[in-house]
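# Per-entry structural report
Chain by chain, the residues:
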Amino acid sequence: IYTSGSTGQPKGVMLQHFSLTNQLCWTQKTYPLHQGDCILQRIPISFDVSVWELLGWCFTGARLHLLEPGGEKDPLVILNTIEQHQITTLMFAPSLLQLVLQYLQQTSTSFNISSLKQIFSLGEALPPALVSRCHQLLLAKSQAILVNIYGPSEATIDTLHYQCDDPNP
């Protein structure tokens, strides 16, 4: 699997199957998916967290929705997909979450995002101001939780998690 790590330059990292199995089981136990849930797969498959998007759903009978090519960076495509396909779980780097929230603030279009249950932020620092904006613009319109996860690829995707329940951290 590839990671840019702290250098910004992609490098290959070897993961063992048992550590990936452990990660998938832990994630399902801690942030479960159920039959009827739908993960939005938007992370390129060469990145570590895409493994959870690609495999996490299959243990429970949940669904996986693949975005159209290029749609992973387009807030309109992402929001329309959440609404049209009843997405319950998705992952955002904070920089992309920022773009989606900015789009929501600037548009007069209303999106039904009530299907959202879990939003995972990863790959970059999640600023407190962004947590507050997310609570205001996304979480208040759904029953979703925001979870900040982090970890080096060498540790099989992530090692830390924090549920951002406080809208004013």
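Let us look at the structure shown here. Since we're looking at a predicted model, the values are computed, not measured. (Residues numbered from 1 in each chain as written. Predicted model: local features only at pLDDT ≥ 70, side-chain atom pairs only at ≥ 80, totals over all residues. Heavy atoms only, no water.)

## Section: the pairing of strand β7 (residues 145-150)
Side-chain positions along a regular strand alternate between the two faces of the sheet. In terms of strand pairing, strand β6 (residues 118-121) meets β7 through four bridges, oriented parallel. Considered in β7, the bridge of I119 is made with L146. Read from β6 through helix α5 (residues 128-137) to β7, the crossover connection turns out right-handed. By the bridge criterion, four bridges tie β7 to strand β8 (residues 160-163) in an arrangement that is antiparallel. Each residue of the ladder has a partner; that of N148, found in β8, is Y162. (Pairing = 2+ DSSP bridges. Helix = DSSP H or I, 4+ residues; strand = E, 2+ residues; numbered from the N terminus. Right-handed = clockwise from strand over helix to strand, strands pointing away.)

## Digging into the state of the cysteines
Following the criterion strictly, the structure yields zero disulfides and no others. Looking at the unpaired C164, the closest cysteine sulfur is the one in C134, lying at 8.4 Å. Judged by its relative accessible area of 8%, C164 is buried. (Disulfide = S-S within 2.5 Å. Buried < 20%, exposed > 50% of the residue type's maximum accessible area, 1.4 Å probe, protein only.)

## Focus on the packing of helix α3 (residues 75-85) against helix α4 (residues 94-106)
In a pair of packed helices, the angle between the axes and the distance between the axes together describe the arrangement. Running from N to C, α3 and α4 cross one another at 80 degrees; their axes reach a closest spacing of 9 Å. The angle between α3 and α4 places the two elements in the roughly perpendicular class. Contacts between α3 and α4 involve P75, L76, I78 and L79 from the former and L96, L99, V100, Y103 and L104 from the latter. Of the residues that constitute the contact of α3 with α4, the class distribution is nine nonpolar, no polar and no charged. (Axes fitted to C-alpha atoms, helices over the stretch in contact; angles between N-to-C directions. Parallel < 35°, antiparallel > 145°, perpendicular 65-115°, else oblique. Contact = heavy atoms within 4.5 Å. Nonpolar A, V, L, I, M, F, W, Y, C, P; charged D, E, K, R; others polar.)

## Thoughts on the packing of α4 against α5
Relative to each other, α4 and α5 sit at 45 degrees, their axes nearing to 10 Å. When the axes of α4 and α5 are compared, the pair comes out oblique. Between α4 and α5 lies a crossing whose hand is left-handed. Residue-level contacts link P94, L97, Q98, L101, Q102, L104 and Q105 of α4 to L130, R133, C134 and L137 of α5. (Left-handed = near helix turned anticlockwise from the far one by under 90°.)

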